[in-house]
Amino acid sequence: MVKRKVKFEILFLVLLLIIISGCSKLGGQGSAKGSETGTDGIIINFLENNPQDSYLVSSEDDEPISVTLEVRNKGSYPRSEEVNELSRGKIYISGFDRDIIRMDDNDLSQILRNDYLSGVSNINPEGGFDTAEFKGFISPDELVVDKYEPTILATLCYPYVTKASPTVCIDPSPFDDKQKKVCKIGSTQLSSQGAPITITRIDQEASSNKIQFKLNIKNDGNGDVIRVNDLKKCNPYGDTSSDSETLKRKDFDRVELIRATVGFSELECGPLDEGRFIRLFNGEGYVLCSLDRASFEEVKSAYTTPLNVELKYGYRSTISKPIKISKISSIS
Amino acid sequence: MKIKILFISIIFVIILSGCKGSSGSKPITDVDVRQGTDGLVMEFTKNAPPDKVFEDSPFPIAMHLRNKGASDIKQGFLALGFEKTYVDFTEEKKESIEFEIKGKSIFNINGDEEFITLNAKTKKVGAQSETHPSTILATSCYPYKTILGTSACVDTDIFGTKLRDKACEVKDIQFSKGQGSPVTITKIETRMLPSADQEPDKVKPHFIIFVENKGNGEVIASDMIKDACSNKPLNYKDFNRIKIKASLSGQGLNCNIGEKEDGAEIRLREKKDMIRCTLKDGIDRKQDAYTAPLQIELDYGYTFTISKDIIIEKILTY
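Small disclaimer: the values here were computed from a predicted structure and weren't measured. (Residues numbered from 1 in each chain as written. Chains lettered and ligands numbered in written order. Predicted model: local features only at pLDDT ≥ 70, side-chain atom pairs only at ≥ 80, totals over all residues. Heavy atoms only, no water.)

Caption draft 1: Structural view of the overall build of chain B. Within chain B, the regular secondary structure consists of 2 helices and 18 strands. By sequence separation, contacts in chain B at least 24 residues apart represent 76% of the contacts at least 6 residues apart. (Helix = DSSP H or I, 4+ residues; strand = E, 2+ residues; numbered from the N terminus. Contact = heavy atoms within 4.5 Å.)

Here's what the structure looks like:
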């Protein structure tokens with residue numbers, strides 16, 4: 001009887017082990033993700049087998065090649081009330097010899113279709129989705145080697161906007177400790193805002209005649225920040241139009257401050273490059289904004305109010321895929 | 001005891017279920033025939049010639065020739081050398097025998113082979129000797145090619161000032177496995193040179209190509225192949241000469257900087273040399289880094305000799 005019990009116990013344990021090893025963690029269905037969180041903007045990925053890992057090219061015929069990219073807007077821009085400027089963005093493919101891999105109509109870039117790329121929202125929790133397809137062919141005549149191993153590089157450059165409205169404390173008497181207050185001036189840590197540039201923290205400091213806000217921002221994405229007006233310089237070939245230039249060092253790490261308001265009062269901000277750009281150093285930067293006492297002198301006690309910040313920037317991300325092209329000759 | 005066996009079997013089943021069998025299939029075209037440092041391989045077949053031969057009698061000489069390299073041999077020559085006082089052909093023969101053997105390809109990954117059989121005859125050993133040792137020499141002279149096709153990175157950003165991800169990185173490329181030929185390209189160093197004053201917006205890809213004779217023979221000029229397998233004398237200048245042609249994306253490279261553009265030549269010293277090749281037309285600096293096919297073709301003649309010792313025995317009579 002005891003022996004049988006031991007047998008059952010062992011069998012039970014083994015079965016339990018098998019069941020556990022086969023289990024995967026279930027995502028909580030009820031936990032709806034906030035629409036304005038995350039550090040992604042628009043992301044691109046090569047569609048499986050587009051391009052293929054390897055191609056076999058015979059010496060007689062052109063071999064078709066297709067580079068297809070999934071384009072997903074994982075961030076919160078554009079919101080329903082915002083102007084959608086994503087069509088200023090473009091996807092470029094490069095990294096290969098254009099005489100060997102010839103794209104149809106020499107088409108090496110595509111404009112982002114803003115209609116399909118709405119931001120993440122409560123009604124569209126996955127964000128917008130689109131595909132970009134580059135079709136062409138591999139020319140065997142130009143392939144003088146048996147094996148050609150280029151890396152297909154896809155570069156996406158697009159404009160994006162970060163918006164945050166954290167609650168800050170406006171205290172007309174910051175040094176009065178005796179009064180009971182609903183809030184205290186200090187620092188506020190912020191969560192991500194559904195964009196690659198994140199406002200990470202707001203430090204507040206009050207003096208007798210103004211309140212200062214230090215807005216700390218960070219590039220939390222995997223790409224590069226570029227001046228929003230320099231998106232056209234992203235072209236890796238740099239030769240499509242006469243006015244095109246390539247990106248220079250000074251075009252990087254510039255985030256345009258569009259708006260910083262407390263309630264209806266506009267904040268005065270600095271230091272700003274060219275009067276509007278916040279500079280990033282090693283992916284991080286800040287701007288100091290101040291609110292004059294005149295804006296809240298009628299108020300006698302501390303109160304909380306949203307600080308509305310809007311940042312605009314260009315963003316560049318790149319993905320790559322190595323491919324192998326082998327040339328075979330026919331038996332004849 | 002039974003529980004133990006049951007327990008072990010269950011664990012064994014779990015481990016096995018996690019295993020994934022490999023299909024073991026390899027694409028048939030994924031064969032790199034341009035590997036190795038062999039070209040023509042030649043040997044005497046067994047007992048032809050035999051180790052011992054009687055005087056004044058015929059004997060066979062059979063050569064087994066295999067092209068183990070990746071270049072086809074057309075108009076190769078085989079010359080046999082004897083001690084003429086003791087050995088000669090049975091009938092009047094030319095100085096050398098011409099042959100053709102195809103090299104390795106994806107349809108014939110081992111390369112072709114050829115047998116050449118000749119009849120020779122020993123002469124009298126001489127009154128004072130019972131035996132006479134002699135050597136049979138076989139020399140092959142053939143044209144050969146080394147073809148290297150590789151991908152080179154063309155990066156117009158010489159000083160690394162462009163802030164972006166690049167499809168490739170300019171670096172030295174080592175080739176340790178050879179290219180299916182006795183003369184091999186061992187290394188290519190890549191440099192991106194700023195173009196001259198007249199083209200400031202361009203860069204010129206520049207390649208330093210290192211070449212080495214890794215075979216057991218000698219390199220000869222491709223126009224002296226027949227002479228090398230004849231009794232004509234060769235000048236020392238006829239040795240170690242290799243013609244080179246190189247192209248990047250199909251555009252010819254100038255491998256004879258400062259001299260005439262065509263007919264660039266390498267002269268091996270102690271079996272090694274290097275040459276610099278530059279793209280004639282520069283590449284626009286605005287263009288991002290990309291991978292371009294680089295093809296290098298070396299054209300030369302190759303010669304080597306093998307030998308076999310035989311003993312010619314006198315027929316002793318009572």
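Next comes the rest of the account.
Caption draft 2: Main features of the sheet that holds strand S5 (residues 87-89) of chain B. All names here are of chain B. A sheet is described by the order of its strands in space; here 4 strands give the open sequence S1-S3-S7-S5, paired in antiparallel fashion. A strand with exactly one partner marks an edge of an open sheet, and here the two such strands are strand S1 (40-44) and S5. Recorded for the sheet is a direction-independent mean angle of 35° between the axes of neighbouring strands. (Pairing = 2+ DSSP bridges. Axes fitted to C-alpha atoms, helices over the stretch in contact; angles between N-to-C directions.)

Caption draft 3: Structural context of the sheet that holds strand S1 (residues 42-46) of chain A. All names here are of chain A. Across the sheet, which stays open at both edges, the 4 strands sit in the order S1-S3-S7-S5 with antiparallel pairing between neighbours. The sheet terminates laterally at S1 and strand S5 (101-103), the two strands that pair on one side only. Going across the sheet, the axis of each strand differs from the next one's by a mean of 35°, ignoring polarity. In the sheet, S1 pairs with strand S3 (residues 63-73) via 5 bridges, with the strands oriented antiparallel. Within S3, the position partnered with Asn-45 by the bridge is Glu-70.

Caption draft 4: Layout of the side chain of Gln110(A). Residue and element names in this part refer to chain A. Along the chain, the position of Gln-110 falls in strand S6 (residues 109-111). In terms of polar contacts, Gln-110 uses its side chain to reach the backbone carbonyl oxygen of Glu-133, at 2.4 Å. Residues contacting Gln-110, with those up to four places away along its chain left out, are Gly-89, Lys-90, Ile-91, Ala-132, Glu-133 and Phe-134. (Polar contact = N/O pair within 3.5 Å; in protein donor to acceptor, adjacent residues only side chain to side chain.)

Caption draft 5: Inspection of the state of the cysteines at higher detail. Residue and element names in this part refer to chain A. If you walk through the whole model with that rule in mind, you get 6 disulfides over all chains. Bridging Cys-169 to Cys-183, the disulfide has an S-S length of 1.9 Å. Since a negative S-S torsion denotes a left-handed disulfide, the Cys-169-Cys-183 link at about 75° is right-handed. With Cys-169 in strand S10 (residues 167-170) and Cys-183 in the loop between S10 and strand S11 (187-189), this residue pair connects regions lying 14 residues apart in the sequence. On the accessibility criterion, Cys-183 (11% relative accessible area) is buried. A sulfur-sulfur distance of 2.0 Å marks the disulfide that ties Cys-269 to Cys-289. Around the S-S axis, the bridge from Cys-269 to Cys-289 shows a dihedral of about 110° and counts as right-handed. Remark: Cys-289 occurs in strand S19 (residues 284-292) and Cys-269 occurs in strand S17 (residues 268-270); sequence separation between them is 20 residues. For Cys-289, a relative accessible area of 1% gives the class buried. For chain B, the bonded cysteines connect in the pattern 1-4, 2-3, 5-6 when numbered consecutively along the sequence. In chain A, the bonded cysteines, numbered by position in the sequence, are linked as 1-4, 2-3, 5-6. (Disulfide = S-S within 2.5 Å. Buried < 20%, exposed > 50% of the residue type's maximum accessible area, 1.4 Å probe, protein only.)

Caption draft 6: Main features of the interface of chain A and chain B. Contact with chain A, which involves 39 residues of that partner, is made by 32 residues of chain B. Carbon and sulfur atoms make up 60% of the area that chain A and chain B hide from each other, which totals about 3000 Å². The tally of links between chain A and chain B comes to 1 salt bridge. For Asp146(A), the salt bridge identified is with Arg34(B), shortest N-O distance 3.1 Å. Elements that contribute at least two residues to the side of chain A that touches chain B include exactly helix H1 (2-22), strand S8 (147-148), strand S9 (151-164), strand S20 (303-322) and strand S21 (324-328) of chain A. A per-element tally of the side of chain A that touches chain B places H1(A) first, with 7 residues. Of the residues assigned to the side of chain A that touches chain B, the class counts are 19 nonpolar, 9 polar and 11 charged. (Buried area = accessible area lost by both parts, 1.4 Å probe. Salt bridge = Lys/Arg side-chain N within 4 Å of Asp/Glu carboxyl O. Nonpolar A, V, L, I, M, F, W, Y, C, P; charged D, E, K, R; others polar.)

Caption draft 7: Structural context of the environment of Ser121(A). Topologically, Ser121(A) is positioned in the loop between S6 and strand S7 (129-138). It is 9.0 Å that separates the C-alpha atoms of Ser121(A) and Gly75(A), two residues lying 46 residues apart in sequence.

Caption draft 8: The arrangement of the environment of Ser66(A) in detail. Residues and elements named next belong to chain A. With respect to the helices and strands, the residue Ser-66 is situated in strand S3. Judged by relative accessible area, Ser-66 falls into the buried class, the value being 15%. For the pair Ser-66 and Asn-50, spaced 16 residues apart in the sequence, the C-alpha separation amounts to 5.6 Å. With sequence-adjacent residues up to four places away left out, Ser-66 is seen in contact with Asn-50, Pro-51, Tyr-55, Glu-133 and Phe-134. A polar contact is formed between the side chain of Ser-66 and the side chain of Asn-50, at a distance of 3.0 Å. Among the polar contacts made by the side chain of Ser-66, one reaches the side chain of Glu-133 at a distance of 3.4 Å.

Caption draft 9: Here's a closer look at the pairing of strand S18 (residues 290-313) of chain B. Residues and elements named next belong to chain B. With respect to burial, S18 is a largely interior element, 18 of its 24 residues being buried. Relative to S18, strand S2 (residues 52-54) is paired through 3 bridges, and the arrangement is parallel. Directly across from Phe-54, in S18, lies its bridge partner Glu-313. Here 24 bridges tie strand S8 (residues 131-154) to S18, and the two strands are oriented antiparallel to one another. If you follow Ala-152 over to S18, its bridge partner there is Ala-292.

Caption draft 10: Representation of the packing of aromatic side chains in the model. Under the definition given, this model contains 8 aromatic pairs over all chains. Ring geometry for Tyr142(B) and Tyr144(B): centres 5.4 Å apart, planes at 85°, overall edge-to-face. When its relative accessible area of 1% is taken as the criterion, Tyr142(B) is described as buried. For Tyr144(B), a relative accessible area of 1% puts it in the buried group. Geometrically, the ring pair formed by Tyr300(B) and Tyr302(B) is edge-to-face, given 6.5 Å between the ring centres and 70° between the ring planes. Here Tyr300(B) falls in the buried class, since its relative accessible area comes to 0%. Each residue in the set Tyr77(A), Tyr158(A), Tyr160(A), Tyr313(A) and Tyr315(A) is aromatic and connected to the rest through ring pairs, giving one cluster. Lying across the ring of Tyr286(A), Lys214(A) places its NZ or CZ 4.5 Å from the centre. Its guanidinium or amino end placed over the ring of Phe210(B), Lys187(B) lies 4.8 Å from that ring's centre, counting from NZ or CZ. (Phe/Tyr/Trp six-rings, centres within 6.5 Å; stacked < 30°, edge-to-face > 60°. Lys NZ or Arg CZ within 6 Å of the ring centre and 35° of its normal.)

Caption draft 11: Local environment of a negative patch on the surface. All names here are of chain B. On the surface, Asp-72, Glu-98, Glu-100, Asp-112, Glu-113 and Glu-114 cluster together to form a negatively charged patch. Among the secondary structure elements, those contributing two or more residues to the negative patch are strand S6 (97-101) and strand S7 (113-122). With respect to the helices and strands, the residue Asp-112 is situated in the loop between S6 and S7. The class for Asp-112 is partly exposed, based on a relative accessible area of 33%. (Patch = residues over 30% accessible without salt bridge, like charges linked within 9 Å, V, L, I, M, F, W, Y side chains within 5 Å. Areas by Shrake-Rupley, 256 points an atom, 1.4 Å probe, with all protein chains shown as cover. Lys, Arg positive; Asp, Glu negative; His and termini not counted. Charge placed at Lys NZ, Arg CZ, Asp CG, Glu CD.)

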